[in-house]
Amino acid sequence: MSQQPAARAAVMNDVARLAGVSHQTVSRVLNNHPSVRDETRERVLVAVRQLNYRPNALARGLAGRRSRVIGVVSFDTILYGPAATLLGVERAARHAGYGISIVALEKLDRAGVTEAVNRLTEQSVAGVVIIAPLLTAAAAAHSLPTGVPAVVVESDTAGDLPTISVDQVAGARLAVEHLLALGHETVWHLTGPKDWLEARDRVDGWRQALEAAGRRVPAAIVGDWSPRSGYEAGHRIGSDVTAVFCANDQQALGMLRALHERGIRVPEDVSVVGFDDIPEAEYLSPPLTTVRQDFDEVGRRCLAALLDLLDPQDTPDAPPHPRVAPTLMVRASSGPPA
């Protein structure tokens, strides 16, 4: 006779849903906070009994004193940008004497982000960092319940939460302005996926730079961050193309391979510029001109913003949405047109 799977233990979010309150209200009731109305307190306690909810002992023990752990909600991906961002946050936290607890999501949607933050909150983390490079994740991050100390990384700045990011628009402009200064009449662009905020901002920067210079804006080529999309685009571009700005270095890698196979010289016939400055960029053939993102600085500013939420008097003059300036790394893949 097969055994039935064990029922999932109730979590604070289940209690909040049954009682019709926020998980912060549940936490206040469990910690005997005086600001909760009697009828609300009774509704929560009834839900606790119905669900047989058992609060996490560690979390209860930490009530009233600062945890030395920061929760991080991240995208489960091997892409260089999000992975390097996570590493930058971890380094900054370790340097400040904090550990991190990571929830890696396969899908960055509203339900997943909210559930991840609730799970981390139940661990009594000091605060939460949300790495939200997708449009769906940004919307979820900026609609979290109030009361959760949280900072969003690589996201839209339209919400109320502090947002730390590299200035993607400025980075794209650096790439395009560099190619125009070399003498190219215009610059083609191989984009990232449309649902990524960074890809959107890099398209904006590319277009702004061309329009500011009074140059023609070619139709963008849509990519997916992968070397294969760069490789396929490299086999499709026409003979009138002299300069290509790729939205990341992996796509530039594929582009270089395709151009080599076609007998097109880089940079003599076509200049190629990437974005990210992956560790392999300077060892490609030819070494890749690219836009460098300082992920360690992103991590430092992210942690500073989160600690400012916990102790506002520490950095009272900190800007609400600091942006990290990118750097153009000029190498041999870009040059004047023949």
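Note that this is a predicted model, so its numbers are computed, not measured.

Caption draft 1: Highlighting the sheet that holds strand 8 (residues 243-246). Spatially, six strands are ordered 7-6-8-9-10-12 in an open sheet, and the strand pairing comes out mixed. One side of each edge strand has no neighbouring strand; the edge strands of this open sheet are strand 7 (221-222) and strand 12 (327-329). By the bridge criterion, three bridges tie strand 10 (residues 289-292) to strand 12 in an arrangement that is antiparallel. The residue of strand 12 that forms the bridge with Arg292 is Thr327. Contacts from helix 8 (residues 168-181) reach strand 8, strand 9 (271-276), strand 10 and strand 12 within the one sheet, and its direction differs from that of strand 9 by about 165°. Most of the contacts of helix 11 (residues 249-261) go to strand 9, to which it runs at about 160°, and overall it touches strand 6 (188-191), strand 8, strand 9 and strand 10.

Caption draft 2: The sheet that holds strand 4 (residues 150-153), seen in detail. Strands sit in the order 2-1-3-4-5-11 across an open sheet of six strands; the sheet is parallel. Of all the strands in the sheet, just strand 2 (99-105) and strand 11 (323-324) have a single pairing partner and so form its edges. Where strand 4 lies against strand 5 (residues 163-166), two bridges are found, and the strand directions are parallel. Along strand 5, the bridge assignment pairs Val153 with Ile164. Here helix 12 (residues 295-310) sits on the sheet in contact with strand 1 (69-75), strand 3 (127-131), strand 4, strand 5 and strand 11, set at roughly 160° to strand 4.

Caption draft 3: Quick peek at unusual backbone geometry. Of note, the bond from Val266 into Pro267 is cis; its omega dihedral lies within 30 degrees of zero at 10°. Cis peptide bonds are those with omega within 30 degrees of zero, and the linkage from Ser285 to Pro286 qualifies with 0°. Tracing the chain through its elements places Pro286 in the loop between strand 9 and strand 10. Even without glycine at this site, Ser124 takes up a positive phi of about 60°.

Caption draft 4: Highlighting the packing of aromatic side chains. What the rule picks out here adds up to four aromatic pairs. Their ring planes at 80° and their centres at 5.7 Å tell us that Tyr80 and Phe295 sit as a pair that is edge-to-face. With Tyr80 in helix 5 (residues 80-95) and Phe295 in helix 12, this pair connects stretches of sequence that are 215 residues apart. Ring centres of Trp196 and Trp225 lie 5.7 Å apart, and the angle between their planes is 85°; this geometry places the pair in the edge-to-face category. In this pair, Trp196 is assigned in the loop between strand 6 and helix 9 (197-212) and Trp225 in the loop between strand 7 and helix 10 (227-236), connecting sequence segments 29 residues apart. With respect to class, Trp196 is no different from Trp225; both count as buried. Ring-pair connections join several aromatic residues into one group, and the members of that group are Phe75, Trp196 and Trp225. Of note, Arg68 hangs over the ring of Tyr98, and the distance from its end group to the ring centre comes to 4.0 Å. Sitting above the plane of the Phe275 ring, Arg202 keeps its charged end 3.9 Å from the centroid.

Caption draft 5: A look at the pairing of strand 8. Neither face of strand 8 is exposed, since Ala243 and Phe245 on one face and Val244 and Cys246 on the opposite face are all buried. Bridge count between strand 6 and strand 8: three bridges; the pairing is parallel. Residue pairing across strands places Trp188 opposite Val244, the latter belonging to strand 8. In the sheet, strand 8 pairs with strand 9 via three bridges, with the strands oriented parallel. Bridge pairing in strand 9 links Ala243 to Ser271. Taken together, strand 8, helix 11 and strand 9 form a β-α-β motif whose crossover is right-handed.

Caption draft 6: Representation of helix 3 (residues 38-51) in the model. Given a rise of 1.5 Å per residue, 14 residues ought to cover 20 Å, and the 20 Å separating the end C-alpha atoms of helix 3 matches this to within 8%. Here helix 3 has its buried residues at Thr40, Arg41, Val44, Ala47 and Val48. For helix 3, the buried positions fall inside an angular range of 125° around the axis, keeping them on one side. In this structure, helix 3 carries Asp38, Glu39, Arg49 and Gln50 as exposed residues pointing more than 90 degrees from its buried face. In the stretch just after helix 3, Asn52 is the one whose phi turns positive, near 55°.

Caption draft 7: Fine view of the nonpolar core. Within the largest apolar cluster, 26 residues are counted, with the highest numbers of intra-cluster contacts made by Val73, Val113, Val117, Val128 and Ile130. When residues in this core are grouped by element, the largest group, four residues, is from helix 6 (residues 110-122).

Conventions we followed
Residues numbered from 1 in each chain as written. Predicted model: local features only at pLDDT ≥ 70, side-chain atom pairs only at ≥ 80, totals over all residues. Heavy atoms only, no water. Pairing = 2+ DSSP bridges. Helix = DSSP H or I, 4+ residues; strand = E, 2+ residues; numbered from the N terminus. Contact = heavy atoms within 4.5 Å. Axes fitted to C-alpha atoms, helices over the stretch in contact; angles between N-to-C directions. Phe/Tyr/Trp six-rings, centres within 6.5 Å; stacked < 30°, edge-to-face > 60°. Buried < 20%, exposed > 50% of the residue type's maximum accessible area, 1.4 Å probe, protein only. Lys NZ or Arg CZ within 6 Å of the ring centre and 35° of its normal. Right-handed = clockwise from strand over helix to strand, strands pointing away. Expected span 1.5 Å × (residues − 1). Arc of directions from axis to C-beta. Core = buried A, V, L, I, M, F, W, Y, C linked by side-chain atoms within 4.5 Å.

By themselves these figures say nothing about function.
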